[in-house]
Every structure is written in C-alpha cells, then in structure tokens.
Amino acid sequence: MSPPLLEVSGLCSGYGPLQVLFDVSFRVERGEVVALMGSNGAGKTTTLRAITGQLKVLSGRVTLDGTDITGRPPEELVSRGMALVPEGRGMLRDLTVAQNLELGAYRVRDPRAVASAFDRAYTTFPILAERRQQRAGTLSGGQQQMLAVARALMSDPRLLLVDEASLGLSPIMTETVFDLIATANRSAGVSVLLVEQNVLALDLANRAYVLEKGQVVDVAEGDAVKTMQGRLREAYLGRGR
Amino acid sequence: MAVVVVPVVADGPTLSILVGTAAVAIAALGLDVLVGRAGQLSLAHAALLGVGGFTAVNVGGRGGPWPLAVVAAVVVTAAVSTVAGLPSLRIRGLQVAVVTLALQVMAERFLFVRPDVTAGSLTLERPALLEADVPLYLFSVACVALVLLVRRRLGSTRTGRALLAVRDVEARAGAFGVEAGPTKLFAYTLSGAIVGLGGAVLATKATAFGTAIDPFRLLQSLLLVAIVVVGGAGSGSGIILASLFIHTLPQVVDALKRSGPLVSAVLLVVSIVAQPEGIGGVLRDIPRRLRRGREQRPSPRPRLVELAAASEAAADLRRVPRKLALQMPVRALLEAREVGVRYGGVLALDDLSLEVRRGEIVGLIGANGAGKSTFFNAVSGFAPVTGSIRYKGAELLNRPPVRRSTYGLARTFQDMGLVRAETVRENVLLAQTWLARYPGAAGILGLGGTMSQERELRRRAGLALELFGLEHLASERLGDLPYGTMRTVEIAAAVASGPDLLLLDEASAGLGPDESQALGERFLALRDELGLTLVVIEHHVPLIARVCDYCYCLESGRLIAEGSPAEVTSQASVIASFLGRAASQEAVL
C-alpha cells in the first residue's frame, strides 16, 4: 500500500518559547479533500506554517508521498508539488492579475506548461480572464480569493493547502470559492487540505479533523463528516453566550 | 553597578574614550527616536551633533556660563532638526533619507569650514567640578540616563503612541485623532534636542574643536545608523551596548587597534546577520526564555464575561467632552444623501442615500466589492466624496478624519488599522489619542494634568478590554494573536475612544460561529447599555438577523434593498447577489 500523500504525525510547534501545537496528527490521501476545522486561536494557521517550513518544528514528522519534508523550506515544497493559499490572500496588489498568476508558475520551467496553466486558470476562473490586465488590488475580496486559489494552482500541485478561504467573503462568494476548489479537486485530481472554521467546508470534505487548543480532538470520515457538521453547529450554539 | 566600578579600574584615557562613547550613544538614542519610533531615517545626525557641539563652544567660549551653553546646544539643535524635518511632511522613506544626506553634506562643506562657526579660537569654560576625569565621566553617564528616562516617558505619552501609528499605519492614523504632520515634527524636535545634549557632552569634554570636525562627518552619521541597527531599533539598552561595541571596543582593545576597521566591519556584518533584531532583540527574548515552561500562555481567545456588569461599568466610556452637540431638528444621526465616490475610472459608490437613526444597530450587507467599505471611508474621511453626509445635522464633507473622530465617530478597518508590533493595551490607548490633548513636551515632563489624563486613559482601556473579555491579553503583542482576536481588539479600541457612532467593517471576520454570537451579545450591550449607534458590515447572516434593527444591501455601489433583516434577506435580488444557497441553510444557525 502506498503511503498517504501528506502525513503529519506527532507535530509540535510554536512561536519562540510558546508552544502552540501539541502532538497533532492527520493525513491526506490522494484525491481527497480533507478539512481541518477549528475556531479562532485553535492553531490552524500555525499548523499550516509548521507544515510549510515557515515555523520551526519542535518534534514530529511531516511526510509528502513518503518523503520526510519536516522543516524543508517553502520553495522546495512547491517543487515537490505543494501549494499554499495563504490567510488574507497574500496578493501583490500592484501587480496585474496575469502577473500574479505568472508568479504562481515561478518554479515551472517549461514554457508550454506555463501556457497550459494559464489556459486552465482562465477556463476555471473566467472572471480572472476578463480582468487579466487589472491590478490585483482593485479586485473585490471574492475575486482576490479566487485569484489566490488560481495562483496556487498554477504550479500544477498535487496538494493544495488553503488557509481560511471563506474569511471576509459573502455567503454566496464563499460557496463559489468552495465550489471552485471542489472542481479543481474533481477535474484536476489535486488533493486539498482546507483549514477552516466555516462548517460549510465540511460539505466538500471526505475526511475532517477538529483542532482545539492545538490538539486534534475529533476525527470523522465519509458519512460521519455530515454528523460532525451537525455536531459542530450544535457545539457552537450551545456554548455561544 | 558596572557604571560605578568603571571609574575605579579604568585609567584617564579610557575614561575619556568612554565620555566620547556616551556622546555617541546619546546621538544614537536621539536618532532612534526618529528611526525606531517614527520610522524616519536620518543621515544628518552627525551634523546635528556638530551643531550642538559648536553651539556649546560658541556660547561657552564667549563668556556664557556653562549651563547656558548646554541649554543653548539643546535648543538650537532641536530647532535645526525641526526645520530639517519639514520635508517629511510631504515625502516619505528613502526620499527623506536623501534630503537628510544633502543636509549633512551641506553642513560639512559650508558650515563646519567657517571659523566663526567652528569657533577655532574659543575655549569652553567648563565648571571646575568637571575638570577631573571621573566627574566628567559620571556627568556623561548621567546625561545618558537622562536621555533613557526621556525616551521611557515618551513611550507612555499620547505623542509617543501617536508616533507608532504614524510609523506603521500613517494613512489611517487620522481615525484615532492622530495628526501625522505635527506628530512627526515633534519627533524631529525631540531627536534634535537629544542629539544637541550629546553635542554639549562632547564640547564639555573637548572644550574646543578647532578644525577637528571628524565626529560630525557623514561617515559618523552612517555609524550612528549602524549603532541603531546593531542595537535594535527601539531598544535603549541595546543601543548603548552597540555604542560600546562599535565605538569603544576598537579604541581600547589592542588587537582591534591594529587590524582596525576591517575587524569592526566583519563583526558588524556577522552581528547583523546573526541577530537581525539587534542586541535589543536578544535582550527582549531573555525574560521570555526564562519564563518558558513555568508559565502557561493565556488562551488567545476573548474570554466570556459577565456582560451585564461589564457593560454597566463600560457605560462610563461615553462620558467624554464633545464639541459637536446635536443640532435640532435632525432626521437621523447619520444622513447620507446622493453620495458618490469615484476611484479613477471606477464608480465605487453611485448616488447612495441612507440614514442611520440614533440608538440602532444598522447592518450593511452586500457582495464583496459592492462598496460597503467605501461608504465607511466616505463617512470617516478617507475617500473623495460628492453629495452630502450629515452627522448630528452637521455636514462632514471637507472635515479631516481627525476632526470627525472628535465628533464621536469611530471605525475599524477590514484589514486592521492598529499597530501589530505593539501590545493590546498600547493599541487601545492609541485609539484614545484624541481624548488626551496635552502637548508632547508636557507629557514627557509629566507636567500639569498629563499624569492624571494618562491614568484616565488606562482606566478606560481597562473597561473596554474587560467588556470584550480581552483583559488577560492586555500585555500580549497584538501581532502574535490569532486574526479573530486581533479584530476584536480593534473593536474594543474603537469603543474605548468613546464614540457615539461606531462603524465596524467585517466585524466578525475570523471568528467562529460561537464567538460571533458572543460578539452579537456585546453589540446589543453597546446599543442598550452604552447607548451607542452601530453600523456593521457583516457577512455572517445569523449575526445580522439577531442584532440588526435595520439593514441595507448594496450591489455595485447602489442600494438594492432596505428594511428589517428578515425583509432584506428574503428579497430575491439579495439572495441572488449576496446569500446564495446559504439563504436556506445558515438562517437556521
């Protein structure tokens, strides 16, 4: 049996002397959409930073396709087929839409591959084709989020990591962005790790983990994901006071 | 300790070098007021040191008493520095640095070559007490201590905090009542006064400079910048250590004397690469590392609070002096009539008219890019507006943002308007800048009512943080907190500034459903207990449905629906452009 595409085991990490993650383990199999749910401050963004080499790993292991990638620098991870959609979109506001997309393909050497990546992006996100010469800073929040996803897909990754895609988006735009991610998963076969606190993310997840205070406290797979969605809704309602 | 031991073990020449180091450290500490606190780079600080030194010799050498020479050096250098700061009102960053470079070169070429400026024939009369090496050394150390004290005081005044806002979020500083221009100039004045003191120390040591103007040349200016970088911008103790490292060490260690500049240069490069935040960064980390393991980090989330008690206490926040009284008769607290905003070729707001009645929570919803934030920018003075926006019956257009905050308008920004590098408490104090009106110098000296005003601001900050369940995070660096918590801090800061009308942009972004529900409870408390009027831009429909009295929906800069939340969210146009499938799902939540 082949190893999972991404496997995180016993991950501990934090900022300087502050430990934020305690023994976090989860995995993403090929072709899956996995949701990592957690509320504000649960350690979601920290987990992504630790996986992508932006934060020191205190202990634990991260493997991509069986290869140990613990603490490897982000640029190497891109070459190995990982792409990140950062929190807050990380847009280069003064560059055009097309220039932002081009940056996403920075590590792709073959010009034909770049051209087909552009084709793919413009077909999947027609609004970006319309606005390719527009400065990214003038796009609306939803369009910027689409651009961030499209840019991450430019390197034709095997694994897409998405940090709170729904942040600051209207309900309809949240759906649109989730739909596009689901499309990329189905048609391009890219595996996805969605880091979210919006329970709607569970609509497209094959498997889901709940993070609380830096620890995984709940796991669900297949049909159980729906039950987890209900559970999370209830939990939120019960404690909200 | 070390300061007292040094004169016992060190010989005369070493003490003399240390007095020189003290002068350099003072100049660097003065430069850092600009670099670390105001974010302005100056390459003319060696020239300013010269201005101070020559002023002291000129005054002291022409029969003026020594204390007068010192005061004159401080005052004249402060004045020159203020004038040098004038260009910074129009230009920024590297351009300012280039202007100061020109000033440095001008001073070197034209000023410091004139015998009447350098006063080659004059000798400063220093007091008999300072003739001996040890007292002179102690005097220089006392001056360094004085400068450290002034810098410390600056940090706890409204001006010191305003400078942080100018440094990090200049374009938005007006929203806190910070006037960027005068604030920047004050930094130049204070920086000049400090460097002038350094010049006076140098003059007291040398008594005459003649043609020896080496300490005032461009290279020395660059060295001062290096000291600030190695020491760590903003860190007083780091900068003093860096002065010893860069200025004293090469003069007292024999090995360094011989190999000279090369070794120093290599050390400089190594130290910067190894510790980009400078010595100050290392010093800051020590207590954190010592604490490690012993102390649990407080939960970075807002705590649940006894809302009734907290909001009763917080009702006090509304008691602020207000220049603008409600002018009767007034239709609504805020009336926007035919408001248009155009950015380049894009019409961001198109003929928008809406009203916000006193004591209501009004929701502003709509697709991303519909013009909601633009409307906030128009109301708070950050956008070019046509039409009319009346607040309490008074026309707001053409009033600067600072004025609007004194009228009782406060807002948050979608992507944070606060200073991430500072603590939560500092940021909440910063938002209240308009409430404390004392001048910067009075604040540093602690004159008049400044201390009690500061105490009052701290008390208010405490009330606001308590209301939002954030008091356990008061000493945390804002940027270290999770996004949702940062946004909550921004709301707390806006409430602390004592507004009548609160504009909240994407209030619940980054918060989970449970936290956004708790936030909704606080909104109701703000309305019912504090009597605030709120306009909230929000994507979270359950929150809107729960708290809003009235609701407007925008699309492409135009109003497409208004009414109660239930009416608005059931309209087909709103479902099509904003809600989508969630119309049925999320409403249940």
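So, here's what we can say about the structure. This structure is a prediction, so every number in the text was calculated from the model and none was measured.

Rules used in this analysis
Residues numbered from 1 in each chain as written. Chains lettered and ligands numbered in written order. Predicted model: local features only at pLDDT ≥ 70, side-chain atom pairs only at ≥ 80, totals over all residues. Heavy atoms only, no water. Helix = DSSP H or I, 4+ residues; strand = E, 2+ residues; numbered from the N terminus. Contact = heavy atoms within 4.5 Å. Core = buried A, V, L, I, M, F, W, Y, C linked by side-chain atoms within 4.5 Å. Buried < 20%, exposed > 50% of the residue type's maximum accessible area, 1.4 Å probe, protein only. Domains from an automatic or database assignment. Buried area = accessible area lost by both parts, 1.4 Å probe. Polar contact = N/O pair within 3.5 Å; in protein donor to acceptor, adjacent residues only side chain to side chain. Pairing = 2+ DSSP bridges. Axes fitted to C-alpha atoms, helices over the stretch in contact; angles between N-to-C directions.

What to know about the environment of glycine 408 of chain B
Residues and elements named next belong to chain B.
Alright, step 1. Tracing the chain through its elements places glycine 408 in the loop between α17 (401-406) and β6 (409-411).
Alright, step 2. The spacing of glycine 408 and phenylalanine 523 is 115 residues in sequence and 17 Å in space, taken between C-alpha atoms.
Alright, step 3. If we skip the residues at most four places from it in the chain, glycine 408 touches Arg322, Tyr391, Pro499, Asp500 and Leu501.

Describing the nonpolar core
Inside soluble globular proteins, nonpolar side chains tend to come together where they are buried.
Residue and element names in this part refer to chain B.
Alright, step 1. Grouped together as the largest cluster of nonpolar side chains are 77 residues, with contacts concentrated most on Phe468, Leu502, Phe523, Leu526 and Leu534.
Alright, step 2. In terms of residues, this core owes the most to one element, helix α21 (residues 483-496), which gives nine residues.
Alright, step 3. Two domains share this core, each providing at least three of its residues, namely domain 1 (2-215) and domain 2 (311-588).
Alright, step 4. Contacts of leucine 526, omitting those with residues within four sequence positions, involve Leu467, Phe468, Val495, Leu502, Gly531, Leu532 and Leu534.
Alright, step 5. Within the second largest apolar cluster, 67 residues are counted, among which are Leu34, Leu202, Leu224 and Ile239.

What about the interface of chain A and chain B?
Interfaces are often sized by the amount of accessible area the parts lose when they come together.
Alright, step 1. In this assembly, 29 residues from chain A lie in contact with 40 residues from chain B.
Alright, step 2. When the two sides are added together, the surface that chain A and chain B hide from each other amounts to roughly 3000 Å², 54% of it contributed by carbon and sulfur.
Alright, step 3. On inspection of chain A and its partner chain B, the count reaches 10 residue pairs in polar contact (both at pLDDT 80 or more).
Alright, step 4. The set of elements that each furnish at least two residues to the side of chain A that touches chain B consists of β2 (18-28), α6 (141-153), α7 (171-188) and α8 (224-239) of chain A.
Alright, step 5. Looking at the side of chain A that touches chain B, the element that brings in the most residues is α7 of chain A, giving five residues.

Considerations on the sheet that holds strand β5 (residues 394-395) of chain B
All names here are of chain B.
Alright, step 1. Spatial strand order, β2-β1-β4-β5: four strands in an open sheet with antiparallel pairing. Either end of the sheet is taken by a strand with one partner, and the two such strands are β2 (346-356) and β5.
Alright, step 2. Across seven bridges, the pairing between strand β1 (residues 334-343) and β2 is antiparallel. Its bridge partner lying in β2, leucine 334 is registered against valine 356.
Alright, step 3. Strand contacts of helix α16 (residues 372-380): β1, β2 and β4 (385-391), with the helix running at about 110 degrees to β1, the strand carrying the most contacts.

Quick look at the sheet that holds strand β9 (residues 207-212) of chain A
Residue and element names in this part refer to chain A.
Alright, step 1. Pairing is mixed across the open sheet formed by six strands, whose spatial order is β6-β7-β8-β3-β9-β10. The outermost strands of the open sheet, each flanked by one partner alone, are β6 (82-85) and β10 (215-221). The average angle at which neighbouring strand axes cross in this sheet is 15 degrees, direction not considered.
Alright, step 2. As judged from the five bridges shared by strand β7 (residues 159-163) and strand β8 (residues 191-196), these two strands associate in the parallel manner. Bridged to leucine 159 within β8 is serine 191.
Alright, step 3. Packing of α6 onto the sheet brings it into contact with β6 and β7, and relative to β6 it is tilted by some 170 degrees.
Alright, step 4. Across the face of the sheet, α7 comes into contact with β3 (33-38), β7 and β8 while running at roughly 155 degrees to β8.

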